Amino acid sequence: MSTTTLDTDPGTPTRGTDLRTYIGPADVVSQTLTLAWRATMKMRRNFEQLFDVTIQPLLFTAMFAYIFGGAISGSVDEYLPIIIPGLIGQTVLTACVATGVQLREDMDKGVFDRFKVLPIARIAPLAGPMVADLLRYAIAATLTFATGFVMGYRPDGGAPGVLAAILLAIVAGWSLAWIFTWFGTVGRTAQGVQAISLMVMFPLTFLSNAFVPTDTMPQWLQTFADLNPVSLVISAIRDLANDGAVTADVGWALLGCTVVIAVFAPLSVRSFNRKM
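The following refers to the structure shown. All values reported here derive from a predicted model rather than from experimental measurement.

Let us look at the overall build of the protein. When you go through the protein residue by residue, the secondary structure sums to 10 helices and 2 strands. Its helices and strands in sequence order give the protein the pattern β-β-α-α-α-α-α-α-α-α-α-α, from N to C terminus. Out of the 276 residues belonging to the protein, those deemed buried represent 50%. Contacts spanning at least 24 positions in sequence make up 72% of the contacts within the protein whose residues lie at least 6 apart. With the model as given, the accessible surface of the protein reaches about 13300 Å², and the carbon-plus-sulfur share is 66%.

Here it is in structure tokens:
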């Protein structure tokens, strides 16, 4: 039986013993979308995978608003413009954790061993599930806003501002997911990946401006919270939804997302290719 040896670079010609395979950009996109479709099928067949972006936003929005609203802002209505964007950042980040865990589970089950003998780009099995997760981020952000509307939240940014905020949340979720994807490629077990991811997720979430203004924190903690990528995203979401304004915070948020991708995407691909 003849075999085909594929280069780890998806854009270079690949030669086997008796045939030549070229994987171009169009092939990479097509293969990535195919594997993204596979990931969405898993979501549809196992609805439990969507609990963190369906049930959790409803519970967290109600609990945080009614528990902390009076203490922090004087009333629930005054607190909603603060907590709704904050919970969107928190929920999207929580959804990112599942990306790395599910990747590690697939690797442990030998799913990617089957891809080794297929003439596909090495990046496709990694990027496909991440593209599918865009749907998860959209669901999380939309349900959080919807719950806020039911509770009385009325963003001054209107429909355009809310839509822009949801799009930013999706972009931020996809970029931050590269951190946890890297954990998935270097971790030994799914349980270990989840433990590491939670240790990173909780500080990024709670040491931010998601729930309280950072000016109430000690100076050293305020500095960290202000530079936290999650804080940058949440500030941008607040500006878009509450004011309908494209401010400098939006630019900083997009820059922060770009930096995260530039650092962790190559790390994830390199580690993934070594495992493949």
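Moving on to the packing of aromatic side chains. The relative placement of two aromatic rings is captured by the distance of their centres and the angle of their planes. Per the stated rule, a full pass over the model turns up 12 aromatic pairs. Taking the centre distance of 5.8 Å and the plane angle of 40° together, the rings of W182 and F183 count as tilted. Owing to a relative accessible area of 26%, W182 belongs among the partly exposed residues under this scheme. One aromatic cluster is present, formed by F60, F64, F68, F202, F206 and F211 through successive ring pairs.

Let's shift gears to helix 7 (residues 190-206). Helix length check: helix 7 (17 residues) gives 24 Å between terminal C-alpha atoms against 24 Å at 1.5 Å per residue, within 8%. Of all the residues in helix 7, the buried ones are A190, V193, S197, M201, L204 and T205. Along the long axis of helix 7, the arc covered by the buried residues comes to 85°, so they all point the same way. Residues Q191 and M199 are exposed on helix 7 and point more than 90 degrees away from its buried face. Looking at the buried residues of helix 7, the elements they touch are helix 3 (76-108), helix 6 (158-186) and helix 9 (229-243).

With that settled, consider the state of the cysteines. For the coordinates displayed, the defined rule picks out 0 disulfides. Counting only cysteine sulfurs, C257 is the nearest neighbor of C96, a cysteine outside any disulfide, at a range of 9.9 Å. When its relative accessible area of 0% is taken as the criterion, C96 is described as buried. Assessed through its relative accessible area of 5%, C257 is described here as buried.

A few words now on the side chain of N209. Following the sequence through the fold, N209 ends up in the loop between helix 7 and helix 8 (219-227). Its relative accessible area of 9% is what places N209 among the buried residues. For N209, the contacting residues outside a window of four places in its chain are T214, S231, I234, S235 and R238.

What follows covers the pattern of salt bridges. Tallied over the entire structure, the rule returns 2 salt bridges. With a shortest N-O distance of 3.0 Å, R104 and D108 are connected by a salt bridge. Residue R104 and its partner D108 are located together in helix 3, separated by 4 residues, close to a single helical turn. Classification of R104 as buried rests on a relative accessible area of 8%. In this structure, R136 engages D133 in a salt bridge whose closest nitrogen and oxygen atoms are separated by 3.4 Å. In this pair, R136 and D133 are both assigned in helix 5 (residues 124-151), 3 residues apart and thus about one turn of the helix distant.

With 74 residues, the main nonpolar core has I83, I88, F145 and F180 as its most contacted residues. No other element matches the 14 residues that helix 3 contributes to this core. Those residues in contact with I88 that lie beyond four places of it in its chain are A141, T144, F145, A169 and I237.

Let's shift gears to the packing of helix 5 against helix 6. Between helix 5 and helix 6, whose axes approach to 8 Å, the crossing angle comes to 135°. The pairing of helix 5 with helix 6 is recorded here as oblique in orientation. Note on packing geometry: the crossing formed by helix 5 with helix 6 is right-handed. Between helix 5, through L126, M130, V131, L134, Y137, A138, A141, T142, F145 and F149, and helix 6, the contact on the second element is made entirely by V162, A165, I166, A169, I170, G173, W174, A177, W178 and T181. Classifying every residue of the contact of helix 5 with helix 6 gives 17 nonpolar, 3 polar and no charged.

The rules behind the values
Residues numbered from 1 in each chain as written. Predicted model: local features only at pLDDT ≥ 70, side-chain atom pairs only at ≥ 80, totals over all residues. Heavy atoms only, no water. Helix = DSSP H or I, 4+ residues; strand = E, 2+ residues; numbered from the N terminus. Buried < 20%, exposed > 50% of the residue type's maximum accessible area, 1.4 Å probe, protein only. Contact = heavy atoms within 4.5 Å. Areas by Shrake-Rupley, 256 points an atom, 1.4 Å probe, with all protein chains shown as cover. Phe/Tyr/Trp six-rings, centres within 6.5 Å; stacked < 30°, edge-to-face > 60°. Expected span 1.5 Å × (residues − 1). Arc of directions from axis to C-beta. Disulfide = S-S within 2.5 Å. Salt bridge = Lys/Arg side-chain N within 4 Å of Asp/Glu carboxyl O. Core = buried A, V, L, I, M, F, W, Y, C linked by side-chain atoms within 4.5 Å. Axes fitted to C-alpha atoms, helices over the stretch in contact; angles between N-to-C directions. Parallel < 35°, antiparallel > 145°, perpendicular 65-115°, else oblique. Left-handed = near helix turned anticlockwise from the far one by under 90°. Nonpolar A, V, L, I, M, F, W, Y, C, P; charged D, E, K, R; others polar.

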